[in-house]
Amino acid sequence: MLAAIRAVKRYGRHYTFFDMNIYHGAMVWWTHGGNLYEFIAPNTTLGFTYPPFAALVMAPMAALPAIATGWVNTVVSVAALIVLLAWLLVPIADRYGWRRWFVVALAVPLAGATEPIRETLGFGQVNILLAILIYADFVALRNRARLASVAARFAGRAAATARDEPVEAVRTGLLRRLWSTGALAGVGVGLATAIKLTPGVFIAYFVVTKQWRAALVSAATTVGVTLLTFMVAGKAATEYFTSVVFDTSRVGAVDSTANQSLAGVLARLYDSSTTPTLMWLAFAALVFAVGMIRGSAAHNDGDELAAFTIVGLTGNAICPISWSHHLVFLIPALVVLGDSALRRHRAARGLAARDMWAWGPGGVPALAGLTRAAAAIGVYVLFVVSPIWRYEHRFPAVSHYADGLHGAFWENSLALAVITLVVLLPWRPGAEPAFYLEPALARRAALVNR
């Protein structure tokens, strides 16, 4: 904990709930009759840029002082981070026989020291809340897959008994029943997409992986709450979808150092305040295709956490503006890398104990997983130190190449790491038994039969 606090003080910036103050000012302005998208925060050129449904969700904050909204958001976001880390880590802790509370308690300050989490909390952003909304759908899908797996495994009375056990557990409430049976899968992604458009990449993922029900529920949720917004705030909704959504200049300069997306990288590489549109579209389409293909492959091999992570990082990469605090999918990426390293290490040692040959660095099975462990540590250190700020340049006053090629590299380092993870993040076949194991089991059987 002390090391995490020192890391935040050493590498973090001065935080004053800057973004939350803008949201709060916009809500006060709007609820007192002002035009939502004409609001400009004092002493800035920034206003409210989220879809109008986000404004409906945030409107109650107008009743509180600005500083209170910042601290409320901090408390809620930390609670959401704890829940998210529990969802990510408890299955892994159970597999290795570790104490659940210890693993989660250790992970919270480690995650809090990283650039995306400390920036989200310090600026009063909503990225952790959006991430937990999205991953809630994946947990719901896991619940549904688990019930389907139980039903398929047993026949006749055994199947009925197996199904009755989870059903009895959820009779205490409708919402709990819907959650435990996975009926709500898709609602979280739909709400997140209505609040901020980027999570819509997960709807595409549901379609690519033929999870039709989740795709339909998420799309219907997005459309439904957006139509509700038109009923409540028709003028603001119309203005957003006819003009504001196309005006990226309202968000900030594309070449800003904080924009760690593909578009930001291209703008800085061209030493320009704009991105070469056709080149960005071509590369964004390529990254999107790679992300969908790899996310689908991870899903088919039974690793839905890796699929969630790859798709989320893909959204970060292809979005025109992805501030460093948007990159919260780094956290599950570190979980996947760390668990992958442990799985390879244990598998190699197990095979070696049975006099079976196994790969490892230098041909030593005991070193298996070392590469992935090193990758996890390297990515973590990168996102804690966050060297982009040491090489921050404000074009056109200062060229993005003012510190040479190495400066340009470090100014783009977080974005390059995100794109690299989209392309290279490993997945763990059969890591989540509730999900469709047939491809993973078939591949394993083929290897054994060779």
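Just so it is clear, the model here is predicted, and its values are computed rather than measured.

Asker: Could you clarify how one ought to interpret the overall build of the protein chain in this entry?
Answerer: Each helix and strand in the protein chain was counted, giving 21 helices and zero strands. For the protein chain, the residues scored as buried account for 49% of the 450 residues in total. Contacts in the protein chain between residues far apart in sequence, at least 24 positions, make up 73% of those at least 6 positions apart. A total accessible area of about 21400 Å² is found for the protein chain, and carbon and sulfur atoms account for 68% of it.

Asker: Help me understand helix α13 (residues 234-242) in this model?
Answerer: What sets the pattern is the α-helix's 3.6 residues per turn: residues three or four places apart point alike. Along α13, the positions that sit buried rather than exposed are A236, A237 and Y240. The arc enclosing the buried residues of α13, seen along the axis, measures out at 100°, which places them on a common side. When the buried face of α13 is taken as reference, the exposed residues oriented beyond 90 degrees from it are K235 and T242. Where α13 is buried, its residues meet α2 (18-31), α3 (52-58) and α12 (212-232).

Asker: In this structure, what is going on with unusual backbone geometry? I would like to understand it.
Answerer: Negative phi values dominate among residues other than glycine, just as trans dominates among peptide bonds. Going from F395 to P396, the amide bond is cis rather than trans, its omega being 5°. With respect to the helices and strands, the residue P396 is situated in the loop between α18 (370-385) and α19 (404-411). Although it is not a glycine, N43 sits at a positive phi angle of roughly 65°. Tracing the backbone shows N43 in the loop between α2 and α3.

Asker: Would you take a moment to explain the packing of helix α4 (residues 66-96) against helix α5 (residues 100-112) for this structure?
Answerer: Helix-helix packing is described using two parameters, namely the angle between the two axes and the distance between the axes. Two elements in contact, α4 and α5, have axes whose closest approach is 9 Å; the angle formed by their N-to-C orientations is 135°. Regarding the angle of α4 to α5, the classification is oblique. Crossing geometry of α4 relative to α5 is assigned as right-handed. Contact with α4, carried on its side by L81, I82, L85, A86, L89, V90, A93 and D94, involves R100, V103, V104, A107, V108 and A111 of α5 and no other residues of that element. Split into classes, the residues belonging to the contact of α4 with α5 amount to 12 nonpolar, no polar and two charged.

Asker: For this particular structure, what's the right way to read the pattern of salt bridges?
Answerer: In a structure, side chains of opposite charge can pair up when their charged atoms sit close to one another. Using the criterion set out here, one finds six salt bridges in the structure. The salt bridge involving E115 is made with R118; its shortest N-O contact spans 3.1 Å. A residue pair is termed a helical-turn pair when its members lie 3 or 4 positions apart in one helix, as E115 and R118 do in helix α6 (residues 115-123) at three residues. Accessibility classification places E115 together with R118 in one group, the buried group. Residue D303 pairs with R428 through a salt bridge whose shortest N-O separation is 2.6 Å. Of this pair, D303 sits in the loop between α15 (277-300) and α16 (304-318) while R428 is found in the loop between α20 (413-424) and α21 (438-449), placing the two residues 125 residues apart along the sequence. For the pair shown, D303 and R428 are each scored as buried.

Asker: What should I look at first to understand the packing of helix α11 (residues 201-208) against α16 in this one?
Answerer: In the contact formed by α11 and α16, the axes pass within 9 Å of each other and the chain directions differ by 135°. Looking at the two axes, α11 sits oblique to α16. Of the two possible hands of crossing, α11 and α16 adopt the one that is right-handed. Packed against α11, whose contacting residues are V201, F202 and Y205, the element α16 presents E304, A307, F308, V311, G312 and G315 at the interface. Here the contact of α11 with α16 is composed, by residue class, of six nonpolar, two polar and one charged.

Asker: How should the environment of A41 be read in this particular structure?
Answerer: Tracing the sequence through the fold places A41 in the loop between α2 and α3. A C-alpha to C-alpha distance of 9.8 Å links A41 and D19, two positions 22 residues apart in sequence. Once residues within four sequence positions are removed from consideration, A41 is found in contact with I22 and L46.

Asker: Help me out: how do you make sense of the confidence of the model for the protein chain in this one?
Answerer: The predicted coordinates should not be examined in detail at positions where pLDDT is low. Across the protein chain, pLDDT averages 85, with 85% of residues at or above 70. Scored below 50 in pLDDT, residues 165-171 makes seven contacts in the model with residues more than four places away or belonging to other chains.

Asker: Any chance you could explain helix α10 (residues 187-195) here in plain terms?
Answerer: Counting buried positions over the nine residues of α10 gives seven, a clear majority of the element. For α10, every residue scored as buried is listed here: G188, V189, G190, A192, T193, A194 and I195.

Asker: Even after reading the chapter, I still don't get the side chain of H326, so can you show me in this structure?
Answerer: One can find H326 in the loop between α16 and α17 (330-353). The exposure class of H326 is buried, given its relative accessible area of 10%. Filtering out sequence-adjacent residues up to four positions away, H326 remains in contact with N127, K196, N316 and I321.

Asker: Sorry if this is basic, but what is going on with the packing of aromatic side chains here?
Answerer: The geometry of an aromatic ring pair comes down to the distance between the two centres and the angle between the two planes. Under the definition given, this model contains 24 aromatic pairs. Seen in terms of ring centroids, W101 and F102 are 6.0 Å apart; in terms of plane orientation they differ by 90°. Their pairing is edge-to-face. Given a relative accessible area of 46%, F102 falls into the partly exposed group. A connected cluster of aromatic rings, assembled from ring pairs, spans W87, Y135, F138, F202, Y205, F206, F308 and F329.

Asker: Sorry, what's going on with a nonpolar patch on the surface here?
Answerer: On the surface, L269, Y270, M279, F283, L286, Y401 and L405 cluster together into a nonpolar patch covering about 690 Å² of accessible area. Among the elements that take part in the nonpolar patch, α15 stands out by supplying three residues, more than any other. Assignment of secondary structure puts L405 in helix α19. In this structure L405 comes out as exposed when scored by relative accessible area, which is 68%.

Definitions and cut-offs
- Residues numbered from 1 in each chain as written.
- Predicted model: local features only at pLDDT ≥ 70, side-chain atom pairs only at ≥ 80, totals over all residues.
- Heavy atoms only, no water.
- Helix = DSSP H or I, 4+ residues; strand = E, 2+ residues; numbered from the N terminus.
- Buried < 20%, exposed > 50% of the residue type's maximum accessible area, 1.4 Å probe, protein only.
- Contact = heavy atoms within 4.5 Å.
- Areas by Shrake-Rupley, 256 points an atom, 1.4 Å probe, with all protein chains shown as cover.
- Arc of directions from axis to C-beta.
- Axes fitted to C-alpha atoms, helices over the stretch in contact; angles between N-to-C directions.
- Parallel < 35°, antiparallel > 145°, perpendicular 65-115°, else oblique.
- Left-handed = near helix turned anticlockwise from the far one by under 90°.
- Nonpolar A, V, L, I, M, F, W, Y, C, P; charged D, E, K, R; others polar.
- Salt bridge = Lys/Arg side-chain N within 4 Å of Asp/Glu carboxyl O.
- pLDDT = per-residue confidence, 0-100.
- Phe/Tyr/Trp six-rings, centres within 6.5 Å; stacked < 30°, edge-to-face > 60°.
- Patch = residues over 30% accessible without salt bridge, like charges linked within 9 Å, V, L, I, M, F, W, Y side chains within 5 Å.

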